[in-house]
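This is what each chain is made of:
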Amino acid sequence: MLKDLIKANRSCRGYDRSRRVTKKELTEMVDCARLSAAGINLQVLKYYITNDREEAAKLNELTKLGAMLPELKLPFKGEEPPAYILICQDLDISDKEDHFLMDVGIAAQSITLAATEMGLAACMIGNYSQVKVHEAMGLAPNLRVKLIIAVGKSAETAKIVRVPASGLTAYYRNDKGEHCVPKRSLKDVLITK
Ligand SMILES: Cc1cc2nc3c(=O)[nH]c(=O)nc-3n(C[C@H](O)[C@H](O)[C@H](O)COP(=O)(O)O)c2cc1C
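Residues numbered from 1 in each chain as written. Predicted model: local features only at pLDDT ≥ 70, side-chain atom pairs only at ≥ 80, totals over all residues.

A.B. asks: Explain the sheet that holds strand 5 (residues 158–162) to me, using residue names and the numbers behind them.
C.D. replies: Read from one edge of the open sheet, three strands run 5-7-6, paired in mixed fashion. If you trace the sheet from one side to the other, it starts and ends with strand 5 and strand 6 (172–173), each paired once. Pairing analysis gives five bridges linking strand 5 to strand 7 (residues 179–183), with the strands arranged parallel. Bridge pairing in strand 7 links Lys-159 to Cys-180. (Pairing = 2+ DSSP bridges. Helix = DSSP H or I, 4+ residues; strand = E, 2+ residues; numbered from the N terminus.)

See the structure below:
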């Protein structure tokens, strides 16, 4: 059921590196993004996939996971993401950089759902320097990295919890080390008149 997949699709910041992610798996995730909705069907997005150890190590250096839990310094050593998908905009198709951000979100959701269905996990990453990542991956000048997705087998336990009385929606780790993600209730998100 789609809702179960959505519930299982939690952002993951710690990976079991003994499970390699293949290029074939990453390509299949991109295929799901390719088939998704796109503004005026222009399809400005292109995808760079990598499971190369050196490139993954570089991307791990250039991205920030779990900025709301700085004391944990995520990912823990040895649990770095083994693979990444970079969602890029092809400026040769459109150079309107802000017009297609919704396409990026839709593509990212398709990718993370596909990863979850494969028994893998993912984390969308917006916390990075576009220029540094572009340079480190040696991408062509017409490409702009709009969002990075880490992919791998989860080494974490994550669960959805109620928003606490404080109203804070920040994710946290409980005393068992489980990653807790507060989601507003259905009642609180439905607009009534
Ligand atoms: C556009 C976008 C950018 C994000 N960037 C980061 C990021 O840079 N680092 C990170 O650890 N998580 C990032 N996240 C993951 C969010 O923190 C996560 O979605 C949120 O905590 C809710 O958890 P959930 O995905 O398990 O529902 C991003 C999510 C989105 C949608």
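A.B. asks: So what about the environment of Leu-35? Which residues, and what values?
C.D. replies: In this structure, Leu-35 sits in the loop between helix 2 (23–34) and strand 1 (45–50). The spatial distance from the C-alpha of Leu-35 to the C-alpha of Pro-81 is 25 Å, given a sequence separation of 46 residues.

A.B. asks: Just give me the short version of the sheet that holds strand 4 (residues 143–152), but keep the residues and values in it.
C.D. replies: Spatial strand order, 1-2-4-3: four strands in an open sheet with antiparallel pairing. For this open sheet the edge positions go to strand 1 and strand 3 (121–125), each flanked by a neighbour on one side alone. Taken over all neighbouring pairs, the strand axes of this sheet differ in orientation by 25 degrees on average, direction set aside. In the packing of helix 3 (residues 53–62) onto the sheet, contacts are made with strand 1, strand 2 (83–90) and strand 4, and the angle to strand 2 comes to roughly 70 degrees. (Axes fitted to C-alpha atoms, helices over the stretch in contact; angles between N-to-C directions. Contact = placed C-beta atoms within 7 Å.)

A.B. asks: Now, about the domain arrangement of the protein chain: what can you tell me, with residues and values included?
C.D. replies: By the assigned domains, the protein chain splits into domain 1 (2–155) and domain 2 (157–193). Between domain 1 and domain 2, the C-alpha centre-to-centre distance is 24 Å. Across the boundary between the two partners, domain 1 contributes five residues, which contact six residues of domain 2. (Domains from an automatic or database assignment.)

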